[in-house]
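Listed here are the chains, written in short residue letters.
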Amino acid sequence: MAGLIQQLLENLSEQIAFYGKLLAFSQEKKTVIIKNDVSGLQRVTSDENVIIGRLQKLDKGRESLMMDMADVLGIDKKTMTLTVLIEKLKSQKEAEPLSELRENLIALTAELKQINDQNKELIDSSIDYINFSMNLLQGTIGGNSSYYDSRGQEINAGNRGFFDAKQ
């Protein structure tokens, strides 16, 4: 059991390190979005995806370790969580580091969620602005617009789209 707990402590520590990196990328993404730097956004998103892939592997490893510990401790696998494990181990020395790592993970994920929510709002605002601009341009070009041909006769443009394609 001590080996499983040590592996879990290492796994959680690694997850915290990767969540820290992910948080840094999310903060960088916020700056890139504000600057409207599309290539920077692509780079940051690519870097984030690498970290997310690693976190998914670590999470699967953590789940496997937790299931193994549930077997050893005789706990139902469906109810096995870090909180349950910490409660079960409360009289042992491993309970405190597990509790600290759990709290660190909770704090990191909460901060990550906050920044991701801000980034989502920034992106939504950018999309709204783009849609407004496109509608404004289409309204100017469309509608009852007319122009004059080379003979001076008025031609109603009708409701042509902004982007015309030759056929």
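Our subject is the structure listed above.
We now turn to the structure provided with this report.

How each quantity is defined
- Residues numbered from 1 in each chain as written.
- Predicted model: local features only at pLDDT ≥ 70, side-chain atom pairs only at ≥ 80, totals over all residues.
- Heavy atoms only, no water.
- Patch = residues over 30% accessible without salt bridge, like charges linked within 9 Å, V, L, I, M, F, W, Y side chains within 5 Å.
- Areas by Shrake-Rupley, 256 points an atom, 1.4 Å probe, with all protein chains shown as cover.
- Salt bridge = Lys/Arg side-chain N within 4 Å of Asp/Glu carboxyl O.
- Helix = DSSP H or I, 4+ residues; strand = E, 2+ residues; numbered from the N terminus.
- Core = buried A, V, L, I, M, F, W, Y, C linked by side-chain atoms within 4.5 Å.
- Buried < 20%, exposed > 50% of the residue type's maximum accessible area, 1.4 Å probe, protein only.
- Contact = heavy atoms within 4.5 Å.

### What to know about a nonpolar patch on the surface
- Among the surface-exposed residues, Y129, I130, F132 and L136 lie close enough to one another that they form a single nonpolar patch of about 480 Å² accessible area.
- Mapped onto the secondary structure, L136 falls in helix α4 (residues 95-141).

### Quick look at the nonpolar core
- Membership of the largest hydrophobic core comes to 32 residues, with the highest contact counts inside it found for L8, L12, M69, M80, L85 and L98.
- When contributions to this core are tallied by element, the ones reaching two or more residues are α1 (2-35), α2 (38-73), α3 (82-88) and α4.
- Of all the elements, α1 adds the most residues to this core, at 11 residues.
- Discounting chain neighbours no more than four positions away, the residues touching L98 are L8, L9, L12, L82, L85, I86 and L89.

### Some points on the side chain of N11
- Among the structural elements, N11 can be located in helix α1.
- With residues up to four places along the chain from it excluded, the contact list for N11 reads L58, G61, R62 and L65.

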